[in-house]
Every structure is written in structure tokens, then in C-alpha cells.
Amino acid sequence: MEKYTNLNRQFIDGKWADGSETATIDNLNPYSDEIIHSLNSASHADVDTAFEAAKKASSAWANSNPLFKRDILLNAAGLIWERKEEFIGWLTAETGSTYIKSYIEVAQARDMLIEAASFPTRMHGVTQPSTIDGKESYIFRKPLGVIALISPWNFPLYLSMRTIAPALGTGNTIVVKPASQSLVTGGTIIGKLLEEAGVPAGVFNVVVGRSEIMGDYFTGHPVSSMVSFTGSTQVGRGIGRIAGESLKKSALELGGNNVFIVMEDANVDYAVDAAVFSRFLHQGQLCISTNRILVHQNLYEEFREKFVARVKALPYGDPADPKNVIGPIIDHKALQRILGVIAQSVEAGAVVETGNITEGNILVPTVLSGVTKEMRIFREEIFGPAVGLVSFADDNEAIELANATDFGLSGAIHTKDVYRGIQLSRRIETGMVHVNDQTANDEIHTPFGGEKSSGTGRFGGHFIMDELTTVQWISVQFQQRQYPF
């Protein structure tokens, strides 16, 4: 099987072509800072062409046989697994993903394609009795039409696929704008995959461009009926505003400042293992990474010692080396922001237990103790391999600290009393909480999404089906009505 080529081009209406802007985008390897390739940015005209192609293809795709759509998605699932090492290689080169992270991501993308393959036959309608004599009501579920997707760089293959596969499965067509740092893994390689799987021309399109040139234009394009976005809260607010002004639906999965709570009856060794994985998978560059670790004061010292020891032992370096679990930050600018958060937190009294050392774009895994809720490392999403430890005295203080930020995406609680864990979870202002597990959970059939500044809408299973479809009420009057005038 030959590898995909010419991945630095636009994919519009079934054709591969250069963008029509003179401005270019360099695709960088975050570990070596070497240029993988460059491409011309898409222009407003390219965006128009992509959306018009999606609009033109929309009716035929929506009305195609459900098994036709199913088979294409299953074809894609089979192909992505056959090509998993190729996809893993691109995730490593383009986003600094370690082998374990890349493998997890490709597997999730495959599973999402398989799940979405069931959607064409799950577009259920209902009949309802009417309150008017001689009438019946029919409610039909329909695709929205054309979906606009703006995908992120951190988990680009899966976080793109969790909208792309369900959108196609529910009969929508789609135009994708991937992040510039992951233009292949969030866009063009998916175009190659779906093209090989048999998706008709115009059903799936990719436009790669500089946000300052075509970002707002893409978001507000009049052809799309919905915008799906995963990324920062700051950018998400702007996208939500533009979508609202255009009266589009939007699904926004935004930042997370996720809490990991260790109660006084927790299994410390197990909690340490869970916290290490959920903080340091992909260098902590996940919206559902553990960001704040709250430990009951009776266990704080034991947890701190064991956690720091585990973190010190994490191998870091070239993400292409399978033994490493920590790779680079996505770019130098992001690294400097993280170092600034650490520095200001230390100035405010936090203690560096390990790390706070850089090697190129790699930040050695970092742990701060003595963290309080006033510090930046507590208040902000870090998006890097650094975390703060916070002590609490009782349940109420733990919940107060858990809810003391504007975010509410994921969380975890460790306790031997599962019922107590459930009750405490329900008091946390967040979309997801995992008892005796870690925060970085995402299952293809469960409702994934946040509260407060962590976004709107839900991904996964029938929840994303609801986001990507609408319903139409059709009533039939079988006998003549008597009208009042």
C-alpha cells in the first residue's frame, strides 16, 4: 500500500489544488523545528468554492441509501487501521505526539468511524397523536446541510473525526479548516482517507489557510448551517459570536481546567498512577488533562512524595522514540507562555518539586507544591507538562476549590466510597466527572462536553446526532376540520 502524497494542498470538490493566496504556511516539526512542507493559503474564493461544492453535493448525499453511507464509513475505518503506522508517523512529525498517544488517537478515530457507520440507519422519526380530530403528526429527522468544522492541533485526527464521521453518517456534507500546526492530521490526510474510501466529490472538503486571511470568513460563511469548533475559550467566544450573528448552530468544545480530587480514603498508589497519566499524556496538551490536583491534608505528603517520584521517572525526548512518553510542546510561543505561568506561580509562593527545565521545545515534567487558588497555575489552563498540588481539609473545601475557576469540562474523584464519589461529583460544575479514574476520558457513545467557559453542545453517540440534525413536523389532516370562521 503506497503512502499518501501531496498532503500540502487544498481538497475541494474532489480535486487537489494549491491555495490561491500568495501567503504561505510552513508546517513545522515541533521537536526539530524543521519545515515538513509549505503550502499556499486558501483564499476567500477557495472557501466559497468549497462551500458551494458542499452545498451542491448535499441533497444527493442526504438522500443516498443509508447502506451506501454506512459502507463508505466502514471502508474508511478499515483503511485507517491498515494505514495506522502512516497516521502515527504523521501525528509524531506534525504534532510531537509520542507513539502511545498517537496509537490511542488513531484507534479512537477508527472507532468513531465505526460508530458513525450506524448513524444512517438511526435517523429515526416518530409519529405522534394529534389533539385535533382526524389528524396525525409525523416528525422527521433531517441533516442540517453543510457543516463547517474548525479543528485543533492537539488531538487533531480524532477531534476532527468526531465531527466529520457523525456529520457524514447523518447525511451532512462538510468543509474543514484544520489548525495550521496540524494541517495534515487534522485535514488533508483525512481527505485522502475518505477519497480512498469512496466519498463522492464535494461531500468532504478541506481548506487550509491563515486565520487572519480567512478565519472569520470561513466561520460566518452563509452556506453552512452549523459550526463545530474545538480549541481555546478565547477563540471559541469569537466563533460563537459570529455563528450567533449568522443564526447558525454551534458546538463549541473549549478550554478545561480539570480537577483531580484525592479524598482521605483514596488508594494513594492508584490515584498517583491515574494522575500521572491524565496530566502528562501528550505533554498535558489536552483539554481534558488534569490541571489541578487537590489532595486531602491527611494524604498530602504521602501523595506528594509518590507523585513527584513517578513524574521524575517519566522518559522524555524525541517523540519518534517509542520509549518516550513526553515529547515537545507544539511551538516555542506556547512553551514560553507555560514557563511564564510557572514563574509567576513560584513568585507567589509555589515550590518547584521537579522539572521547570527546558530542552529545545521540551519542558521536563514539572510539579509545583504549595499551590493556592490565587496562583496562575491554579486559575489557568496550563496546556503543558506542569501541574500544581493543592491541599484541602474537608469535602466542602474540595468542592469550593473544584468550582473556583471559570471552566467546567472534566474532573476525577478518588475515594473508596463510590456512592460518596457520585454525590460529590454532582456538586462539581463540570460536564464530566470520573470516579476512581482519570480526567482524560472520551468514549465514542457518551456525552462529551463542558459547562461554563468550557463550551456548549455535546459530542458522542446520539448526543452528536442531535447536534448535527434538525427535526421537521409534518401533519396530515385526514378529515375536514371545522374552522371557527
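Preceding this paragraph is the structure being described.
Residues numbered from 1 in each chain as written. Predicted model: local features only at pLDDT ≥ 70, side-chain atom pairs only at ≥ 80, totals over all residues. Heavy atoms only, no water.

*Asks:* Just to check I follow, could you spell out the overall build of the protein chain for this structure?
*Replies:* The helix and strand tally for the protein chain stands at 15 helices and 24 strands. Computed over its C-alpha atoms, the radius of gyration of the protein chain comes to 24 Å, within 12% of the 23 Å expected for a compact globule of 485 residues. Among the 485 residues that make up the protein chain, the fraction classed as buried is 56%. Once local pairs closer than 6 in sequence are excluded, the contacts in the protein chain between residues at least 24 apart make up 73%. Entry remark: accessible area of the protein chain is about 19,500 Å², with carbon and sulfur atoms responsible for 52%. (Helix = DSSP H or I, 4+ residues; strand = E, 2+ residues; numbered from the N terminus. Rg over C-alpha atoms; globule rule 2.2 N^0.38 Å. Buried < 20%, exposed > 50% of the residue type's maximum accessible area, 1.4 Å probe, protein only. Contact = heavy atoms within 4.5 Å. Areas by Shrake-Rupley, 256 points an atom, 1.4 Å probe, with all protein chains shown as cover.)

*Asks:* Could you clarify how one ought to interpret unusual backbone geometry in this entry?
*Replies:* Peptide bonds are mostly trans, and most non-glycine residues show a negative phi. Residue asparagine 356 is not a glycine yet carries a positive backbone phi of 60°. Relative to the assigned elements, asparagine 356 resides in the loop between strand 14 (351-354) and strand 15 (358-359). You will see that lysine 452, though not glycine, has its phi angle at about 50°, which is positive. Mapped onto the elements of the fold, lysine 452 is located in strand 22 (residues 451-452).

*Asks:* Explain the packing of aromatic side chains to me, please; I cannot follow it from the model alone.
*Replies:* To describe a pair of aromatic rings, you give the distance between the ring centres and the angle between the ring planes. Tallying each qualifying case throughout the model produces 10 aromatic pairs. Pairing tryptophan 81 with tyrosine 103 gives two aromatic rings, centres 5.6 Å apart and planes at 70°, and the pair type is edge-to-face. With tryptophan 81 in helix 2 (residues 66-82) and tyrosine 103 in helix 4 (residues 99-116), the pair connects residues that are 22 residues apart, well separated along the chain. Residue tryptophan 81 is classed as partly exposed on the basis of its relative accessible area, which comes to 22%. (Phe/Tyr/Trp six-rings, centres within 6.5 Å; stacked < 30°, edge-to-face > 60°.)

*Asks:* How should I be thinking about the packing of helix 2 against helix 4 in this particular structure?
*Replies:* Packed helix pairs are specified by the crossing angle of their axes together with the interaxial distance, meaning the distance between the axes. Running from amino to carboxyl end, helix 2 crosses helix 4 at an angle of 165°, the nearest separation of the two axes being 8 Å. With respect to their mutual orientation, helix 2 and helix 4 come out roughly antiparallel. For the crossing formed where helix 2 meets helix 4, the hand is left-handed. Of the residues in helix 4, those touching helix 2 at Leu73, Leu74, Ala76, Ala77, Ile80 and Trp81 are Tyr103, Val106, Ala107, Ala109, Arg110, Leu113, Ile114 and Ala116. Its residues assigned to classes, the contact of helix 2 with helix 4 shows 13 nonpolar, no polar and one charged. (Axes fitted to C-alpha atoms, helices over the stretch in contact; angles between N-to-C directions. Parallel < 35°, antiparallel > 145°, perpendicular 65-115°, else oblique. Left-handed = near helix turned anticlockwise from the far one by under 90°. Nonpolar A, V, L, I, M, F, W, Y, C, P; charged D, E, K, R; others polar.)

*Asks:* What should I look at first to understand the environment of aspartate 26 in this one?
*Replies:* Residue position: aspartate 26 is located in strand 3 (residues 24-28). Classification of aspartate 26 by relative accessible area gives partly exposed; the value is 41%. As for aspartate 26 and glutamate 264, which are separated by 238 residues in sequence, their C-alpha atoms are 50 Å apart. A polar contact is formed between the side chain of aspartate 26 and the side chain of serine 38, at a distance of 2.5 Å. (Polar contact = N/O pair within 3.5 Å; in protein donor to acceptor, adjacent residues only side chain to side chain.)

*Asks:* How should the sheet that holds strand 24 (residues 469-477) be read in this particular structure?
*Replies:* Sheet strands associate in pairs through backbone hydrogen bonding, adopting either a parallel or an antiparallel arrangement. The three strands lie next to each other as 5-6-24, forming an open sheet whose pairing is antiparallel. Either end of the sheet is taken by a strand with one partner, and the two such strands are strand 5 (126-129) and strand 24. Each strand axis lies, on average, 25° off the axis of its neighbour in the sheet, ignoring direction. Both strand 5 and strand 6 (residues 135-143) contribute to a ladder of four bridges, which runs antiparallel. Residue pairing across strands places valine 126 opposite isoleucine 139, the latter belonging to strand 6. Strands strand 6 and strand 24 of the sheet are contacted by helix 15 (residues 461-468), whose axis makes an angle of about 70° with strand 24. (Pairing = 2+ DSSP bridges.)

*Asks:* I tried to follow the pairing of strand 3 on my own but got confused; where do I start?
*Replies:* The side chains of a regular strand alternate, residue by residue, between the two faces of the sheet. Of the two faces of strand 3, the one holding Ile25 and Asn27 is buried and the one holding Thr24, Asp26 and Leu28 is not buried anywhere. One ladder, built from five bridges, connects strand 3 with strand 4 (residues 35-40); its direction is antiparallel. Across the sheet, the residue bridging to asparagine 27 is histidine 37, located in strand 4. Two successive antiparallel strands, strand 3 and strand 4, enclose a turn made up of six residues, where aspartate 33 displays a positive phi of approximately 65°.

*Asks:* Can you walk me through the sheet that holds strand 18 (residues 386-392) in this structure?
*Replies:* Pairing within the open sheet is mixed, and its seven strands lie in the order 14-17-18-13-12-20-21. Only two strands of the sheet have a single neighbouring strand rather than two, namely strand 14 and strand 21 (434-435). Sheet topology note: the strand 12 (residues 258-262)/strand 20 (residues 411-414) ladder contains four bridges and is parallel. Directly across from isoleucine 261, in strand 20, lies its bridge partner isoleucine 413. Contacts from helix 11 (residues 332-347) reach strand 14, strand 17 (366-369) and strand 18 within the one sheet, and its direction differs from that of strand 17 by about 25°.

Keep in mind these values describe shape, not function.
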